[in-house]
Amino acid sequence: MALERKRPSRRSGSRFAEKTLANKCKAFCGKFTAFTFSHVGLCGLVVGYSFMGAFAFRALEAPYEEENTGKVIDMRQKTVKRLWDITYDLNVLYKDNWTRLVTAEIKRFQAELIEAIKDGYDGKELGAVQQWSFPGAFLYSLTVITTIGYGNIAPRTDWGKLVTIVYAIVGIPLMLLYLTNIGNILAKSFRYVYGRVCTCKSSEHYTKGRNVEDYRVKHIVAHNVSGRQKALEHGAQDEVHVSPGDEVRIEAIPNNEIHDDSNIQKPVVTVPITLCLLVLVSYISGGAIVFSLWEGWGFLDGSYFCFVTLSTIGFGDLVPGDSVVSDRGSQEKLVICSLYLLIGMALIAMCFNLMQEEVIRKVRNCGRKIGIIKHFDDEADTTQ
């Protein structure tokens, strides 16, 4: 009697397909997460998050800004009309009466204008470029997650304030992760280029201050009084028997000169603090020149703005494109300022990373000289 083969049921086939689909989804999510938190992924994530914030804040705040500007224009027109009515009602113009009535009207307009300014009015007419344009909202998004907070532009609606809180809670850790990740990769790249370019350094820079443990025995040669010689290669692995009266000569080489791949100790490349400071000063000076030419500031004001921005102090007394008199090129200035901010923050993270290693090495050297640190740790530990 022939055995009948059991055919797989439709239910088991559907379960297998579901498991396969689930495994594919897990693999895709894993790859997507790994790419998101890679160097390129983090840059794209920060930029994309800032774009999302720019769209959200523009949608929330731009209508309120236009409404507030319209109220100010209407208030100004009513004030002009009342001034005309005052002049028209007085058949005979008496200076004292006219001055008293007009002064009261101007004071009323002044008080209403101050309230409008507190609500975000910046003196620009309807149809002109407003604060909450897309470049302005994008710069605001960056100043939130970088904790700069100029203060020249701020949300006025309840929803805008609520979204700012949620946006900052998510965005600030994301920016810190971006700065740490990009700062590390830039520091490694800068250190590699510096090590390749600056080949004029002698090996004494790496061997100075090392302990005996940093050297390995190459030869141990013993001569006895009869002239008989006993030689031992690689004395660290074997023993040599020395008789009384023998003359012993030991040859040692640094660990970093041994050509054994398993025991090679590569010299640590450290970037001088002065070079890091030179990079920062050059970047701030370059930004100062550009913004000074655009805004009509002095070089000192431009340097002050760049330093206050990159140090995340952000007083907000000087902001590009914040002129009430002229809107020419203000949006391009905001875009360039955003790029300058993103690149500058990563550059500062890189310099701090490089200076941290050099400072640790110098402090350890100083501690060893004054006796605080008895056993000087290997310089390679500073890179960990």
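Residues numbered from 1 in each chain as written. Predicted model: local features only at pLDDT ≥ 70, side-chain atom pairs only at ≥ 80, totals over all residues. Heavy atoms only, no water.

**Things to note about the overall build of the protein chain**
- The helix and strand inventory of the protein chain stands at 9 helices and 3 strands.
- Along the chain direction, N to C, the helices and strands of the protein chain fall in the order α-α-α-α-α-α-β-β-β-α-α-α.
- Every one of the 384 residues in the protein chain was classed for burial, and the buried ones make up 34%.
- Considering only residue pairs separated by 6 or more positions, the protein chain has 70% of its internal contacts joining residues 24 or more positions apart.
- Carbon and sulfur atoms form 62% of the exposed surface of the protein chain, whose accessible area is close to 25100 Å². (Helix = DSSP H or I, 4+ residues; strand = E, 2+ residues; numbered from the N terminus. Buried < 20%, exposed > 50% of the residue type's maximum accessible area, 1.4 Å probe, protein only. Contact = heavy atoms within 4.5 Å. Areas by Shrake-Rupley, 256 points an atom, 1.4 Å probe, with all protein chains shown as cover.)

**What about unusual backbone geometry?**
- With phi around 60°, Thr147 is a residue other than glycine that occupies positive phi space.
- Along the chain, Thr147 falls in the loop between helix H4 (134–145) and helix H5 (158–197).
- In this structure, Thr312 takes a positive phi of about 60° despite not being glycine.
- Here Thr312 shows up in the loop between helix H8 (299–310) and helix H9 (330–370).
- Here Thr312 falls in the partly exposed class, since its relative accessible area comes to 27%.

**A look at the side chain of Thr69**
- Along the chain, Thr69 turns up in helix H2 (residues 39–89).
- Take Thr69: its relative accessible area is 1%, and that puts it in the buried class.
- Beyond its immediate stretch of four places on either side in the chain, Thr69 contacts Tyr121, Lys124, Glu125, Leu126 and Gln130.

**Details of the pattern of salt bridges**
- The full count for this structure, using the stated rule, is 6 salt bridges.
- The partner of Arg82 in a salt bridge is Glu105, with the nearest N and O atoms 2.2 Å apart. Here Glu105 lies in helix H3 (residues 95–118) and Arg82 lies in helix H2, a separation of 23 residues in the sequence.
- Judged by its relative accessible area of 30%, Arg82 is partly exposed.
- The class for Glu105 is buried, based on a relative accessible area of 5%. (Salt bridge = Lys/Arg side-chain N within 4 Å of Asp/Glu carboxyl O.)

**Here we look at a nonpolar patch on the surface**
- A contiguous nonpolar surface patch, about 840 Å² in accessible area, is contributed by Ile289, Val290, Leu293, Trp294, Phe299, Val335, Ile336, Leu339 and Ile343.
- Checked against the element boundaries, Val335 lands in helix H9.
- The exposure class of Val335 is partly exposed, given its relative accessible area of 40%. (Patch = residues over 30% accessible without salt bridge, like charges linked within 9 Å, V, L, I, M, F, W, Y side chains within 5 Å.)

**With respect to the packing of aromatic side chains**
- For the structure shown, the criterion picks out 15 aromatic pairs.
- Between Phe57 and Tyr140, the aromatic rings sit 4.9 Å apart at their centres with planes inclined by 90°, giving edge-to-face as the arrangement. Residue Phe57 is located in helix H2, and its partner Tyr140 is located in helix H4; the two are separated by 83 residues in the primary sequence.
- Looking at Phe57, the relative accessible area reads 0%, which means it is buried.
- Taking 5.9 Å as the distance between ring centres and 80° as the angle between the ring planes, the aromatic pair formed by Phe291 and Trp294 counts as edge-to-face. Separated by 3 residues within a single helix, Phe291 and Trp294 lie in helix H7 (residues 273–295), roughly one turn from each other.
- Its relative accessible area of 1% is what places Phe291 among the buried residues.
- On the accessibility criterion, Trp294 (36% relative accessible area) is partly exposed.
- Within the aromatic cluster, the residues linked to one another by ring pairs are Tyr150, Tyr283, Phe291, Trp294, Trp297, Phe305 and Tyr340. (Phe/Tyr/Trp six-rings, centres within 6.5 Å; stacked < 30°, edge-to-face > 60°.)

**Side note on the packing of H2 against H3**
- Running from N to C, H2 and H3 cross one another at 175°; their axes reach a closest spacing of 10 Å. In terms of their interaxial angle, H2 and H3 are classed as roughly antiparallel. Residues Asn68, Val72, Met75, Arg76, Thr79, Arg82, Leu83, Ile86 and Thr87 of H2 lie in contact with H3, whose contacting residues are Trp98, Leu101, Val102, Glu105, Arg108, Phe109, Glu112, Leu113 and Ala116.
- Looking at the contact of H2 with H3 residue by residue, the classes come out as 10 nonpolar, 3 polar and 5 charged. (Axes fitted to C-alpha atoms, helices over the stretch in contact; angles between N-to-C directions. Parallel < 35°, antiparallel > 145°, perpendicular 65-115°, else oblique. Nonpolar A, V, L, I, M, F, W, Y, C, P; charged D, E, K, R; others polar.)

**Observations regarding the confidence of the model for the protein chain**
- On average, the protein chain scores 76 in pLDDT, and the residues at 70 or more come to 68%.
- In the predicted structure, residues 376–384 sits below a pLDDT of 50 and forms 19 contacts with residues beyond four places in sequence or in another chain. (pLDDT = per-residue confidence, 0-100.)

**Brief notes about the side chain of Gln130**
- Within the element layout of this structure, Gln130 appears in the loop between H3 and H4.
- Excluding residues that lie within four positions of it along the chain, Gln130 makes contacts with Glu65, Thr69, Glu125 and Gln331.

**Focus on the packing of H4 against H5**
- The geometry of H4 relative to H5 is characterised by a closest axis approach of 8 Å and an angle of 65° between their N-to-C directions. Considered as vectors, H4 and H5 are oriented roughly perpendicular to each other. Here H4 runs over H5; the crossing is right-handed. Contact residues: Tyr140, Ser141, Val144 and Ile145 in H4; Thr164, Tyr167, Ala168, Gly171, Ile172 and Met175 in H5.
- Of the residues contributing to the contact of H4 with H5, the split by class is 7 nonpolar, 3 polar and no charged. (Left-handed = near helix turned anticlockwise from the far one by under 90°.)

**Here we look at the state of the cysteines**
- A full pass over the atoms with the stated rule returns 0 disulfides.
- The thiol sulfur of Cys276 is not disulfide-bonded, and the nearest other cysteine sulfur, from Cys351, lies at 5.1 Å.
- There is no disulfide at Cys306, and the cysteine sulfur nearest it, in Cys337, is 8.3 Å away.
- Assessed through its relative accessible area of 0%, Cys306 is described here as buried. (Disulfide = S-S within 2.5 Å.)

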